[in-house]
Amino acid sequence: MSFLTRRKALPALGGAARKVDGLKPTLSWPHLVALGVGAIVGTGIYTLIGVGAERAGPAVMLAFVIAGIVCVCAALAYAELATMIPESGSAYTYSYTTLGEGAAWMVGWSLILEYTVVCSAVAVGWAGYFSGMMEGIGMGLPAVLTSAPSQGGIVNLPAVVIVAAVAGLLVAGTKESASINAALVVVKIAALIAFVAIALPHFNADNLKPFMPYGFSHGVGAQTGVMAAAAIIFFAFYGFDAVATAAEETRNPARDLTIGIIGSMVACVAIYMAVAIAALGAMPFTEFMKSPEPLSHIIRTVGSDLWATLIAGAAVVALPTVILAFMFGQSRIFFVMARDGLLPRSLAHVSKRSGGPVRVTAGTAVLMAIIAGFIPLGDLAALANAGTLAAFASVGLCLIVLRRREPSRPRVFRAPVWWLVGPIAIAGCIYLFFSLPASTQINFVIWNVIGVAVYLLYSRRNSLLNG
């Protein structure tokens, strides 16, 4: 069983792999901040604020705070590790160098789940706003083509189409897609600022009463309560880990990764709290929690059909930035795992024209499109969170282990009070995991049982560290 604990040596990272079959460094810190904000600000605030409010009522604001604290601690750990280990792979690579191949495989397997399902979930959220915008201009789509089978439809066709479009953009090239992403992020932030400006004057404190109608927590797998909402709202905060997957394609990783990870988190926490306060104050949560486009629904109800359509239009234009960021991250996770031999080496092919892993991008896009077309948003978000919580907990553990094992190793960025940040990230992720629906926990276990089988039957024997 020694294969489970074999580790990559830290000094070897950033060396031969980068020169021989590595990715092309074309990104700087503005690209990374835009990538992070593009990934973080998306379906979580545009759509899942309604799902969270259904579980916690006005106390969904508290759920935002709890999820945000856990993610900030994870982000600090990511920032330190990303600058120490400036290679693609994110939590998978950190675990490989710190905890061993067995842990790295399980983390990588969880990240595959996270990124695949996130892209699909955001595509479904985008489809809701797209359908609302089309109805607003009198060109509504048939319900059977905008809903999953479990919701009475045949397929969510808009969700499938947007996944294909984003995959095409990524295939065109890393720098090109990052530049377009940066422009679309500006549109997305402007739409949220407009929402706050329009909704806030309609703030009514009575809409926040009772503040916590479903309590704080109802136990493991509960469907309601603040922690049940936080376990879903957690989806709204992660995305900075997609920045870490770009380490190998960053021109100055020591500086740019820190700015990208910390900068995007700080910006997004401020944006989220402002939007949540404006939304919950403008309308009773029971009136928007079921809407597939809650922000536009609120604006439309308080009396501005034009602005509701514009906000929906901005979401239609800008939400694909989230799909782009996570599809980018997914392809890089696959790429690095293949380069390490844990997945078929043919997946590690880098296109000479675009500088990116085209085969992996196209393959994962097909899988994402299938999931987006046939599974509802709430189920997707919960399953994505399970994979992310596992990865974040591992990064917190890697931070602690490396501080203990190699305290004198140079660190460009040092997480403050690491002895507190690491444990909060770990404990917070575990608590949020057990706050997810029981069905999600079971599905996550099934996914990892499959992962263990794949590792034992294929990956451990084909690993570059084998013999």
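As the structure is a computational prediction, the values presented were derived from the model and not from experiment.

Chemist: Mind showing me how you'd approach the overall build of the protein here?
Modeler: When helices and strands are counted, the protein shows 19 helices and 0 strands. For the protein, buried positions account for 61% of its 467 residues. Sequence-distant contacts, at least 24 apart, represent 84% of the contacts inside the protein between residues at least 6 apart. As displayed, the protein has an accessible area near 16400 Å², and 70% of this comes from carbon and sulfur atoms.

Chemist: Would you take a moment to explain the packing of helix 7 (residues 101-136) against helix 19 (residues 438-462) for this structure?
Modeler: Pairs of packed helices are described in terms of their axes, by the angle between the two and the distance that separates them. Interhelical geometry of helix 7 versus helix 19 gives an angle of 130 degrees and a closest axis separation of 10 Å. Of the possible angle classes, the one that applies to helix 7 and helix 19 is oblique. Between helix 7 and helix 19 the crossing geometry is right-handed. Residues Glu101, Gly102, Trp105, Met106, Trp109, Ser110, Ile112 and Leu113 of helix 7 form the contact with helix 19, whose participating residues are Phe444, Trp447, Asn448, Ile450, Gly451, Val452, Val454, Tyr455, Ser459 and Arg460.

Chemist: Would you mind going over the side chain of Ser296 with me for this structure?
Modeler: Relative to the helices and strands, Ser296 resides in helix 13 (residues 294-301). According to the relative accessible area criterion, Ser296 is buried, its value standing at 0%. A distance of 3.2 Å separates a polar atom in the side chain of Ser296 from the backbone oxygen of Ala308. Excluding residues within four positions of it along the chain, Ser296 makes contact with Tyr129, Ala308, Ile311 and Ala312.

Chemist: Teacher, can you tell me more about the pattern of salt bridges here?
Modeler: A side chain with one charge may pair with a side chain of the opposite charge, provided their charged atoms come close. As enumerated under the stated definition, the model contains 6 salt bridges in all. Across the salt bridge formed by Lys209 and Asp206, the nearest N and O atoms sit 3.8 Å from each other. The class for Lys209 is exposed, based on a relative accessible area of 60%. On the basis of relative accessible area, Asp206 is assigned to the partly exposed category, the value being 48%. Through salt bridges with shared partners, one network takes in Glu80, Arg403 and Arg411.

Chemist: Just checking my understanding: could you explain helix 18 (residues 418-433) for this structure?
Modeler: Note that an α-helix has 3.6 residues per turn; residues three or four places apart therefore point the same way. Compared with the 22 Å implied by 1.5 Å per residue over 16 residues, the 22 Å span of helix 18 between its first and last C-alpha is a close match. Residues of helix 18 that are buried: Trp418, Val421, Gly422, Ala425, Gly428, Cys429, Leu432 and Phe433. The buried residues of helix 18 occupy an angular sector of 145 degrees when projected down its axis, which confines them to one face.

Chemist: What exactly am I supposed to notice about unusual backbone geometry here?
Modeler: Residues other than glycine predominantly adopt negative phi, and peptide bonds predominantly adopt the trans conformation. With omega at -10 degrees, the peptide bond leading from Lys209 into Pro210 counts as cis. Note on placement: Pro210 falls in the loop between helix 9 (174-199) and helix 10 (226-233). The phi torsion at Val417 lies on the positive side, around 40 degrees, for a residue other than glycine. Position of Val417 among the secondary structure elements: in the loop between helix 17 (377-405) and helix 18. Taking relative accessible area as the criterion, Val417 reaches 42% and is therefore assigned partly exposed.

Calculation rules
- Residues numbered from 1 in each chain as written.
- Predicted model: local features only at pLDDT ≥ 70, side-chain atom pairs only at ≥ 80, totals over all residues.
- Heavy atoms only, no water.
- Helix = DSSP H or I, 4+ residues; strand = E, 2+ residues; numbered from the N terminus.
- Buried < 20%, exposed > 50% of the residue type's maximum accessible area, 1.4 Å probe, protein only.
- Contact = heavy atoms within 4.5 Å.
- Areas by Shrake-Rupley, 256 points an atom, 1.4 Å probe, with all protein chains shown as cover.
- Axes fitted to C-alpha atoms, helices over the stretch in contact; angles between N-to-C directions.
- Parallel < 35°, antiparallel > 145°, perpendicular 65-115°, else oblique.
- Left-handed = near helix turned anticlockwise from the far one by under 90°.
- Polar contact = N/O pair within 3.5 Å; in protein donor to acceptor, adjacent residues only side chain to side chain.
- Salt bridge = Lys/Arg side-chain N within 4 Å of Asp/Glu carboxyl O.
- Expected span 1.5 Å × (residues − 1).
- Arc of directions from axis to C-beta.

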